[in-house]
Amino acid sequence: MDIDSGLKILNSKPTEESGHTQMESEESSALKANDKEKEEITESMDKLHIEESSSGLAGSSSINFKRKPVIIIVVGMAGSGKTTFMHRLVCHTQSRNIRGYVMNLDPAVMTLPFAANIDIRDTIRYKEVMKQFNLGPNGGILTSLNLFTTKFDEVISLIERRADHLDYVLVDTPGQIEIFTWSASGAIITEAFASTFPTVVTYVVDTPRSANPMTFMSNMLYACSILYKTRLPLVLAFNKTDVAQHEFALEWMQDFEVFQAAISSDHSYTSTLTNSLSLALDEFYKNLKSVGVSSVSGAGIEAYFKAVEESAQEFMETYKYCLP
Ligand SMILES: Nc1nc2c(ncn2[C@@H]2O[C@H](COP(=O)(O)OP(=O)(O)O)[C@@H](O)[C@H]2O)c(=O)[nH]1
Ligand SMILES: [Mg+2]
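Residues numbered from 1 in each chain as written. Chains lettered and ligands numbered in written order. Predicted model: local features only at pLDDT ≥ 70, side-chain atom pairs only at ≥ 80, totals over all residues. Heavy atoms only, no water.

- Where an unreviewed UniProt entry is consulted, the chain appears under the name GPN-loop GTPase, with the organism given as Citrus sinensis.
- UniProt annotates the chain under Subunit (unreviewed entry) with the comment "Binds to RNA polymerase II."
- UniProt, in the comment section headed Sequence similarities (unreviewed entry), describes the chain in these words: "Belongs to the GPN-loop GTPase family." (UniProt positions renumbered as here; feature names shortened; annotations may be inferred.)

Laid out in structure tokens, this is it:
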């Protein structure tokens, strides 16, 4: 159960079938091993002590920057469809013979619709972390991510060894966005990736829920703060376009007067503030790539990968040299 043995069980060719088999067997073995679990987690924690790597920081062991694979970090509000979107990306890469590697960083997810090559749940059992450290669910998820991050240099080395055979590494993050975007471990993971491979962040937006101008603005402010914090190219994926088309959002982003017209009937303070914010965000919108996708039907996924490729190029030309 320690991270070393966890990494050894990674499979290299994800398929949906193997995903289900793996998950089913994990579930049944989890039941059987229920009694042993507590012992194992204690052992695991003992082994997860932070060792100082030769170069000091986790992830900084990499000397050579590689042009491939492109790392895609998928973030977004809980329920925006990150995991379903990941599943769609996995299906797309498999059907086009694009070489993808899949990573799950959500320790609390019950079942995954895709097979993950690297799964935080193989190493850390977050419910045991909650018990052991007397934490609530969010603290448990955060601590699990922290524990996993202490060995992230091994994850980077593993991907480096396979780099020649990979086009993309797809990374799913915990349901609650702030656990990844506002934690030290989230920052360490992001920096470890970006200092070794071209790295692109995808912010998944729940399009039907963003039809309200205030919700839209609140979502865009969050997206902007992620760009500000990660300093990485950002692609907005307006998800669930099978339920609501995203053209209204593109229009609001291209022309703030259209957005202001949408809130003109509201004379509250929030509306005035939203008006001003739409002007402030104009610069953010100008440099942003936005695509409409449906994780359910697969619409827009080609356009999404095109946006990722352009962003990876942009990373190499601009962002790489701005890294701390
Ligand atoms: N109609 C529709 N539903 C979606 C789409 N993507 C995700 N969902 C649904 O949205 C809910 C949350 O999805 P999930 O992937 O678990 O979100 P996460 O918390 O961001 O990982 C689930 O009920 C999904 O079936 C989509 O493109 N279209
Ligand atoms: Mg999820």
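**Some thoughts on the site of ligand 1**
Part 1: Contacts to ligand 1 come from 15 residues, most closely from Lys 82, Thr 83, Thr 84, Asp 242 and Ser 295.
Part 2: Between an oxygen atom of ligand 1 and a main-chain N or O atom of Gly 79, the distance comes to 3.0 Å.
Part 3: Between ligand 1 and the protein, one listed contact pairs an oxygen atom with a side-chain N or O atom of Asn 239 at 3.1 Å.
Part 4: Taken by itself ligand 1 offers 580 Å² of open surface, and the protein chains cover 67% of this.
Part 5: The leading source of residues in the shell around ligand 1 is helix 4 (residues 82-95), at three residues.
Part 6: When the residues that make up the shell around ligand 1 are grouped by side-chain class, the tally is four nonpolar, eight polar and three charged. (Near = heavy atom within 4 Å. Polar contact = N/O pair within 3.5 Å; in protein donor to acceptor, adjacent residues only side chain to side chain. Areas by Shrake-Rupley, 256 points an atom, 1.4 Å probe, with all protein chains shown as cover. Helix = DSSP H or I, 4+ residues; strand = E, 2+ residues; numbered from the N terminus. Nonpolar A, V, L, I, M, F, W, Y, C, P; charged D, E, K, R; others polar.)

**Things to note about the packing of helix 8 (residues 152-162) against helix 10 (residues 184-194)**
Part 1: At their nearest, the axes of helix 8 and helix 10 sit 10 Å apart, and the two run at 30 degrees to each other. Relative to helix 10, the element helix 8 lies roughly parallel. Crossing of helix 8 over helix 10 shows right-handed handedness. Touching Phe 152, Ile 156 and Ile 159 of helix 8 are Ile 189, Ala 192 and Phe 193, all from helix 10.
Part 2: Counted by class, the contact of helix 8 with helix 10 contains six nonpolar, no polar and no charged residues. (Axes fitted to C-alpha atoms, helices over the stretch in contact; angles between N-to-C directions. Parallel < 35°, antiparallel > 145°, perpendicular 65-115°, else oblique. Left-handed = near helix turned anticlockwise from the far one by under 90°. Contact = heavy atoms within 4.5 Å.)

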